[in-house]
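# Examination of the molecular architecture
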Amino acid sequence: MKLTVRQMTLIALNAAVISVLAPIAIPLAGQVPISLATLAVMISAAVFGKWTGAAASALYIVLGILGMPVFAGFSSGAAVAFGLSGGYIFGYIALAYFTGLFAEKAADHTGRELYALLIAGMVIGTVVLYAIGTVWFMKFTGMTLAASLGACVFPFIPGDCIKMAVVCLLYGRLKPLASKVLKEKR
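Description of the structure in this document. None of these values were measured; they are calculated from a predicted model. (Residues numbered from 1 in each chain as written. Predicted model: local features only at pLDDT ≥ 70, side-chain atom pairs only at ≥ 80, totals over all residues. Heavy atoms only, no water.)

## Thoughts on the nonpolar core
In this structure, I18, Y60, Y88, L118, M122 and V167 are the most contacted members of the largest nonpolar core, which totals 41 residues. Those elements giving two or more residues to this core turn out to be helix 1 (5-21), helix 2 (37-48), helix 3 (50-65), helix 5 (86-106), helix 6 (111-141) and helix 8 (157-183). Examining the composition of this core, we find that 9 residues originate from one element, helix 2, more than from any other. Residues in contact with L118, not counting those within four places in the same chain, are A46, A103, A106, C168 and Y171. (Core = buried A, V, L, I, M, F, W, Y, C linked by side-chain atoms within 4.5 Å. Buried < 20%, exposed > 50% of the residue type's maximum accessible area, 1.4 Å probe, protein only. Helix = DSSP H or I, 4+ residues; strand = E, 2+ residues; numbered from the N terminus. Contact = heavy atoms within 4.5 Å.)

## Looking at the pattern of salt bridges
Pairing is possible between side chains of opposite charge, provided their charged atoms come close. Applying the stated criterion across every chain yields a total of 2 salt bridges. When the shortest N-O distance is used, the salt bridge between K50 and E104 registers 2.7 Å. Here E104 lies in helix 5 and K50 lies in helix 3, a separation of 54 residues in the sequence. Classification of E104 by relative accessible area gives partly exposed; the value is 35%. (Salt bridge = Lys/Arg side-chain N within 4 Å of Asp/Glu carboxyl O.)

See below:
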């Protein structure tokens, strides 16, 4: 697949947005903080589609591995990306793909159908992200599934629901602007 300059620019800009929001984190008693990364990933994918969102998420991960302080709490490096919470970090790619896939399907709909599809994509993407991250976490810690879910999933569900609502609110404003920019010929 050959990327255009416009596509590369969109991927880079979306990776930059993720990189700015993701370090903002609220530490929890467990070892996985609440960050704004999933919010940024969902917005990116909802507005620009599955491939741009997934590529931007992958670029964000590469930036973090290379040492830019873009992970939660302004951390960075391969030790973080491949460490305890690395599965959740790599799960952002799946979150972006499913959010974008359903957002693309939603483009042909309006009102409740549009938002139902958008929410379905974010929920499915979040479930896949949790699955990848939780299995990874269990391999690292040796914790049981129940203990891992209690540490790494259940505390995050309310925040993820709020983030999904924010994405829905922003989507209605950002998607028309993005569509206009994408249609412009220069």
